[in-house]
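Tertiary structure, described
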Amino acid sequence: MNQVVRALASEEKLLNFYNIVLFDEITERLEMPKKIDLLLIEGSTVTREQEEVVKKFREISDFVVAMGTCAVQGGVQALRIGDDIEKVKAYVYPNPEHIDVNKDVKPVDNVISVDMFIPGCPVNHEAIASLLKKFVSEGLPIAIPESVCSECKRKGIVCVMVAYGIPCLGPITISGCGAICPSFGRGCYGCFGLKDFDLDNSKLKMFAQQLKDLGMDNDRFEQTVKAYSWKTWSKYQNVYHR
Ligand code: SF4
Ligand code: SF4
């Protein structure tokens, strides 16, 4: 949520247009509001109670945004999907009997309908500021379907994969971060999530092979993609063969 604060602080007059009714970090907890114009949800749901809360908020909200990789894709916690939840709890917590979580992790749109997705880990505050500005003027940001590579090209960043042979997930990762990692000479690990709109299994497989040739083995590739793109990855997992 720090990125929301940054977004609000980035535009002098933005706060004049919004009355923040619930925001744990900056408001005292109030009673459930009767109506919300714009709801930003961060995080995936991991308990039944959270699912019920999210459903209640959907009922009173006009426009719902899933914000961040956990809300959009499931997040790192989705890596446990398919494992024995009792074993996972025992591995992570000293007193697992006190931990009450579902065995599944759900991105927000697996629980309620979502009107817009802003991916990122963390999200880019400029994307939130853009949403907040457009929303008050009754427009919405234009989502441009492009990869991190497009951001590299616009900024004139040397391609770390071509120039230095560093494995980079930028070609299959949705844009929005400003190509932060390549700008520091590192490969992208896909924290904004898979660029789903023109991806298919054969492309994914070919790309995995390319990364393998550069030293990123398939297990690491699979774990990395699952950690940041579980929802999209789960569409491919049954047909992806190493
Ligand atoms: S560094 Fe990565 S994101 Fe940038 S152009 Fe090369 S492959 Fe694409
Ligand atoms: S370059 Fe990739 S890993 Fe780095 S911030 Fe951007 S999307 Fe995330």
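One can find the structure itself at the top, above this paragraph.
The notes below deal with the structure included here. Along every chain, residues carry numbers that run from 1 in the direction the sequence is written. Written order determines the labels here, with chains lettered from A and ligands numbered from 1. Given that this is a predicted model, residues contribute local features only at a pLDDT of at least 70 and side-chain atom pairs are listed and counted only at 80 or more, while totals for whole chains, interfaces and linings are drawn from all residues. Calculation of side-chain values draws on the structure's entire complement of heavy atoms; hydrogens and water are dropped beforehand.

**Details of the environment of Ser-137**
The condition is simple: Counting from the N terminus, the helices are the DSSP runs of H or I reaching at least four residues and the strands are the DSSP runs of E reaching at least two. For each residue, the accessible area found with a 1.4 Å probe, counting protein chains only, is set against the maximum for its type, and the residue is called buried under 20%, exposed over 50%, and partly exposed in between. Any pair of N or O atoms that falls within 3.5 Å is considered a polar contact. Within protein, one atom must be able to donate a hydrogen and the other to accept it, and sequence-neighbouring residues count only if both atoms are side-chain atoms.
With respect to the helices and strands, the residue Ser-137 is situated in the loop between helix H5 (125–136) and helix H6 (148–155). Exposure remark for Ser-137: the relative accessible area of 51% places this residue in the exposed category. Looking at Ser-137, its side chain comes within polar contact range of the main-chain oxygen of Lys-134, at 3.0 Å.

**Comments concerning the site of ligand 2**
Selection rule: We call a residue near a molecule or strand whenever a single non-hydrogen atom of that residue lies within 4 Å of it. When residue character is reported, Ala, Val, Leu, Ile, Met, Phe, Trp, Tyr, Cys and Pro are called nonpolar, Asp, Glu, Lys and Arg charged, and the others, Gly included, polar.
Neighbouring residues of ligand 2: Thr-173, Cys-177, Cys-181, Pro-182, Cys-188, Tyr-189, Gly-190, Cys-191 and Phe-192. For the shell around ligand 2, the class distribution of residues is 7 nonpolar, 2 polar and no charged.

**What about the nonpolar core?**
Stated precisely, the cut-off is as follows: We define the nonpolar core as a collection of buried residues of types Ala, Val, Leu, Ile, Met, Phe, Trp, Tyr and Cys that are connected through side-chain atoms lying within 4.5 Å of one another. Any two residues whose heavy atoms approach within 4.5 Å are treated as being in contact.
Among the nonpolar cores identified, the biggest contains 21 residues, and Leu-169, Ile-172, Leu-204, Phe-207, Leu-211 and Phe-221 are the most heavily contacted of them. Elements represented by at least two residues in this core include exactly H6, helix H7 (160–164), helix H9 (201–213) and helix H10 (218–236). The residues touching Leu-204, leaving out its near neighbours within four places in the chain, are Ile-172, Leu-199, Phe-221, Trp-233 and Tyr-236. In this structure, Ala-7, Leu-14, Met-116 and Leu-132 belong to the second largest nonpolar core, which totals 18 residues.

**Focus: H6**
For clarity, the cut-off: Note that the arc is defined by the directions from the helix axis to the C-beta atoms.
Listing the buried residues of H6 in full gives Val-148, Glu-151 and Cys-152. Around the axis of H6, the buried residues are gathered within 105° of arc, so they sit on the same side. Residues of H6 that are exposed and point more than 90 degrees away from the buried face comprise Lys-153 and Arg-154. Taken together, the buried residues of H6 touch helix H8 (180–183). Gly-156 sits one or two positions beyond H6 and adopts a positive phi of about 70°.

**Concerning the site of ligand 1**
Taken together, the neighbourhood of ligand 1 is formed by Val-148, Cys-149, Cys-152, Lys-153, Cys-159, Val-160, Met-161, Cys-168, Gly-170, Pro-171 and Pro-182. At the level of secondary structure, the elements contributing two or more residues to the shell around ligand 1 comprise H6 and H7. Ranked by residue count, the leading element in the shell around ligand 1 is H6, at 4 residues. Classifying every residue of the shell around ligand 1 by side-chain character gives 9 nonpolar, 1 polar and 1 charged.

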